[in-house]
Amino acid sequence: MESNSNSNTPKANPATKEHSDVKEDSDDGDGDGLRMSIRKEAPAHYELEIQSFPFLLEILKDSGLHRYESSIFEAGGCKWRLILQLEKEKEKEKETSEDEYLCLYLENMENGQQGETDALLNFFVSPGHFQMYISIQDGKVRRFTAEKKEWGIGRISSLKELLDILQRMDDNACRFGVEVFLLKSEGKGECFSAQFDHFVWKIPNFSSHLSQQILFSQEFAIGGYNWKLRLYPKGIPKVKQEYLSIYLYLHDTANIPSGTKMHVELKLRIVDQYTGCACAPDSAQTQKTCNAWFNREKSSWGFPYFLKLEHLKQRKGLLVDDNLIVAAEFTSLNIIKDLPKTP
């Protein structure tokens, strides 16, 4: 911990331990996981200032309570209380000698009314009126329940060491604080999944449909969603009846969640019924690649100038016995949707 104030600030004792329900928890470590830093900003959620810390210690010892509880405060929609606790630890080599330590705990005052509450805790100590705070945290998520109401960090400082610092500063004041960061899932996030599939649409008696403005294929399901192909026999209005227009259409968008979107890479082609594919020398005219996003607001994407009607009539293999075959190959369907809320 690098600071010009090292001589005036308490250090964490190597014996520092974590705490649950005022008693040491079975998974407590030896303090090596604690992260300490110095900052000027006051605790965001609660600060407890004690004008005469030595006098408070005398009161606690005389009363036999060894515990000071703050007023109730609110953070993250829950009610809490900061607790200063005095604890003793006998040295292993000297059974008669005891060291006293200062501990900081946070108590949940909801009495289990909000069920389980997960939180990250950040405790603060600031000796004297020196406007600097020692931030102490272990980075672990603590779960508050009706059975486990208190969590904290035990033995953050030797009382003797802290009192010596105050004496050198000629200042009896000491401030403590806490920040509580609740972990609540808001259901925000994305889930990415990929799908690959194809669909073939055979249109018999194609010439009989030239008088129709639009043709729809039957629905087909890919990636858990329903799609259709939409074909304009004489094209959409802007192509002036010179081209065949083909679109991919996402069906029933009203039932698609607002956070869901799909990226589609699609090959649309008029199948050469002699060869079974869109092949050279004119495959560029009979096959197009779609690369587009779909969602409930944007439900269609396609090609107004897919194929000239003149070419469709002249090119052998595209219309056989007045049958037209359109193939849609989903080379990639990537679905992104909101993650479900954690119960």
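Residues numbered from 1 in each chain as written. Predicted model: local features only at pLDDT ≥ 70, side-chain atom pairs only at ≥ 80, totals over all residues. Heavy atoms only, no water.

The protein chain goes by MATH domain-containing protein in an unreviewed UniProt entry, where it is assigned to Hibiscus sabdariffa.

Draft legend 1. Examining a nonpolar patch on the surface more closely. Where nonpolar side chains cluster on the molecular surface, the patch consists of Leu-120, Val-141, Phe-181 and Leu-183 and spans about 320 Å² of accessible area. Summarising the element assignment, Phe-181 is placed in strand E12 (residues 174-182). For Phe-181, a relative accessible area of 40% puts it in the partly exposed group. (Patch = residues over 30% accessible without salt bridge, like charges linked within 9 Å, V, L, I, M, F, W, Y side chains within 5 Å. Areas by Shrake-Rupley, 256 points an atom, 1.4 Å probe, with all protein chains shown as cover. Salt bridge = Lys/Arg side-chain N within 4 Å of Asp/Glu carboxyl O. Helix = DSSP H or I, 4+ residues; strand = E, 2+ residues; numbered from the N terminus. Buried < 20%, exposed > 50% of the residue type's maximum accessible area, 1.4 Å probe, protein only.)

Draft legend 2. Focus on empty space enclosed by the protein. Throughout the structure, instances matching the rule amount to four cavities of 30 Å³ or more. Around the largest cavity, the lining residues are Leu-121, Phe-123, Asp-138, Lys-140, Arg-142, Trp-151, Gly-152 and Ile-153. For the lining of the largest cavity, the elements supplying multiple residues, two or more each, are strand E8 (117-127) and strand E11 (150-158). Broken down by element, the lining of the largest cavity gets its largest block of residues, three residues, from E11. The class makeup of the residues in the lining of the largest cavity is four nonpolar, one polar and three charged. (1 Å grid on protein atoms, 1.4 Å probe; cavity = no way out; pocket = protein on both sides within 12 Å on 5 of 7 lines; lining within 4 Å. Points joined across faces, edges and corners; volume = space filled by probe spheres on them. Nonpolar A, V, L, I, M, F, W, Y, C, P; charged D, E, K, R; others polar.)

Draft legend 3. View of the pairing of strand E9 (residues 133-137). Summarising burial for E9: four of the five residues are buried, a large majority. Bridge count for strand E2 (residues 35-39) against E9 is five bridges, and the pairing is antiparallel. The partner of Met-36 across the bridge, within E9, is Ile-136. Summarising the sheet, E8 and E9 pair through three bridges and their orientation is antiparallel. The residue bridging Phe-123 from the neighbouring strand is Ile-136, located in E9. The turn joining E8 and E9, which pair antiparallel and follow one another in sequence, is formed by five residues; a positive phi near 65° is taken by Gly-128. (Pairing = 2+ DSSP bridges.)

Draft legend 4. The confidence of the model for the protein chain, seen in detail. Considering every residue of the protein chain, the mean pLDDT works out to 81; 80% of them sit at 70 or more. For the protein chain, strand E1 (residues 17-20) is the element with the lowest average pLDDT, namely 38, and strand E14 (residues 215-216) is the one with the highest, namely 95. A low-confidence stretch, residues 1-31 stays under pLDDT 50, and its non-local contacts, those more than four residues away or across chains, total 80 contacts. Contacts for the low-pLDDT stretch residues 91-97, under 50 throughout, to residues beyond four places or in other chains number five contacts. (pLDDT = per-residue confidence, 0-100. Contact = heavy atoms within 4.5 Å.)

Draft legend 5. Examining the packing of aromatic side chains more closely. One pass over the structure, following the stated rule, counts 13 aromatic pairs. With a centroid separation of 5.4 Å and 85° between ring planes, the pair formed by Trp-227 and Phe-294 is classed as edge-to-face. In this pair, Trp-227 sits in strand E16 (residues 225-232) while Phe-294 sits in strand E19 (residues 287-294), placing the two residues 67 residues apart along the sequence. Taken individually, Trp-227 and Phe-294 each receive the classification buried, so the pair is uniform in this respect. Three or more aromatic residues link up through ring pairs in this structure, and these residues are Phe-199, Phe-220, Trp-227, Phe-294 and Phe-330. The positively charged end of Lys-228 is found above the aromatic ring belonging to Phe-216, 5.4 Å away from the centroid. Positioned above the aromatic ring of Trp-293 is the side chain of Lys-261, whose terminal nitrogen or guanidinium carbon lies 5.6 Å from the ring centre. (Phe/Tyr/Trp six-rings, centres within 6.5 Å; stacked < 30°, edge-to-face > 60°. Lys NZ or Arg CZ within 6 Å of the ring centre and 35° of its normal.)

Draft legend 6. Layout of the pairing of strand E18 (residues 261-270). Burial runs high along E18: seven of the ten residues are buried. The pairing of E18 with strand E21 (residues 324-338) spans ten bridges and is antiparallel. Bridge pairing links Met-262 to Ile-335 in E21. One ladder, built from eight bridges, connects E18 with E19; its direction is antiparallel. Across the sheet, residue Met-262 finds its bridge partner in E19, namely Phe-294.

Draft legend 7. Highlighting the nonpolar core. By size, the foremost hydrophobic cluster in this structure holds 36 residues, and its most contacted members are Trp-227, Leu-231 and Leu-244. Element by element, the count of residues in this core is highest for E21, at six residues. Listed in part, the 35 residues of the second largest apolar core include Leu-56, Ala-75, Leu-106 and Leu-166. (Core = buried A, V, L, I, M, F, W, Y, C linked by side-chain atoms within 4.5 Å.)

Draft legend 8. Local environment of unusual backbone geometry. In this structure, His-66 takes a positive phi of about 55° despite not being glycine. Assignment of secondary structure puts His-66 in the loop between helix H1 (53-63) and strand E4 (67-69).

Draft legend 9. Representation of the packing of H1 against helix H2 (residues 159-169) in the model. Between H1 and H2, the least distance of the axes is 10 Å, while the angle of their chain directions is 145°. Mapping the contact onto sequence places Phe-53, Pro-54 and Leu-57 in H1 and Leu-159, Leu-162, Leu-163 and Leu-166 in H2. (Axes fitted to C-alpha atoms, helices over the stretch in contact; angles between N-to-C directions.)

Draft legend 10. A look at the environment of Ile-38. Within the secondary structure, Ile-38 sits in strand E2. The class for Ile-38 is partly exposed, based on a relative accessible area of 24%. In the structure, Ile-38 is positioned 97 residues away from Ser-135 in sequence and 6.0 Å away in space, judged by C-alpha atoms.

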